[in-house]
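# Examining the three-dimensional arrangement
Here are the chains, one letter per residue:
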Amino acid sequence: MRNRRGVNWKLESAPWAAGKARTAVLGQLGKWRYRLAPGTVTAVETVATLLVEAAVVDGGARVSVHLSDQDGQACILALSHQAGLTPGHASGGDDVLHQITAVSGVTGCGTDTGPDGRRIWAVVDLG
């Protein structure tokens, strides 16, 4: 994460985690002095919700949310912390990626599986 700001939060893998993530992400973007238009706020909230809900479905004990920014864009990533997932594991992975790409302002998204669980991410234009 060279040349960009970043922060992360660890949350219990629970239905309420998406709400906490939305609040944390928007709060941090405000601390970084982004003045978001109402449509951009909605996009960030929607993306954070979809990412965290997908990570919760994986069934790990916790979820972490990572936020970074660069050049007027934010990257939001959710990690399921479900060790032992097989590569390509996706609890509705393709469906959630389609939902994310349908959100106005999303410039990219993806998912992969590593030794620590599934990572699912999206980049949102903040301008």
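Residues numbered from 1 in each chain as written. Predicted model: local features only at pLDDT ≥ 70, side-chain atom pairs only at ≥ 80, totals over all residues. Heavy atoms only, no water.

## As for helix 2 (residues 38–57)
Over its 20 residues, helix 2 extends 29 Å from the first C-alpha to the last, a length consistent with the 28 Å expected when each residue adds 1.5 Å. Buried residues of helix 2: Thr40, Ala43, Val44, Val47, Ala48, Thr49, Leu50, Leu51, Val52, Ala54 and Ala55, and no others. Positive backbone phi, at 90°, marks glycine 59, one or two positions downstream of helix 2. (Helix = DSSP H or I, 4+ residues; strand = E, 2+ residues; numbered from the N terminus. Expected span 1.5 Å × (residues − 1). Buried < 20%, exposed > 50% of the residue type's maximum accessible area, 1.4 Å probe, protein only.)

## A word on the sheet that holds strand 3 (residues 73–79)
Strands sit in the order 1-2-3-5-4 across an open sheet of five strands; the sheet is antiparallel. Edge positions in the sheet fall to strand 1 (5–12) and strand 4 (106–114), since each has one partner strand and no second. Across this sheet, the average inter-strand angle for adjacent strands is 15°, counted without regard to direction. Alignment of strand 3 against strand 5 (residues 117–125), held across seven bridges, turns out to be antiparallel. Looking at the pairing, alanine 74 lines up with valine 124 of strand 5. In the packing of helix 1 (residues 17–31) onto the sheet, contacts are made with strand 1, strand 2 (62–70) and strand 3, and the angle to strand 1 comes to roughly 160°. (Pairing = 2+ DSSP bridges. Axes fitted to C-alpha atoms, helices over the stretch in contact; angles between N-to-C directions. Contact = heavy atoms within 4.5 Å.)

None of the figures reported here should be taken as evidence of function without further support.
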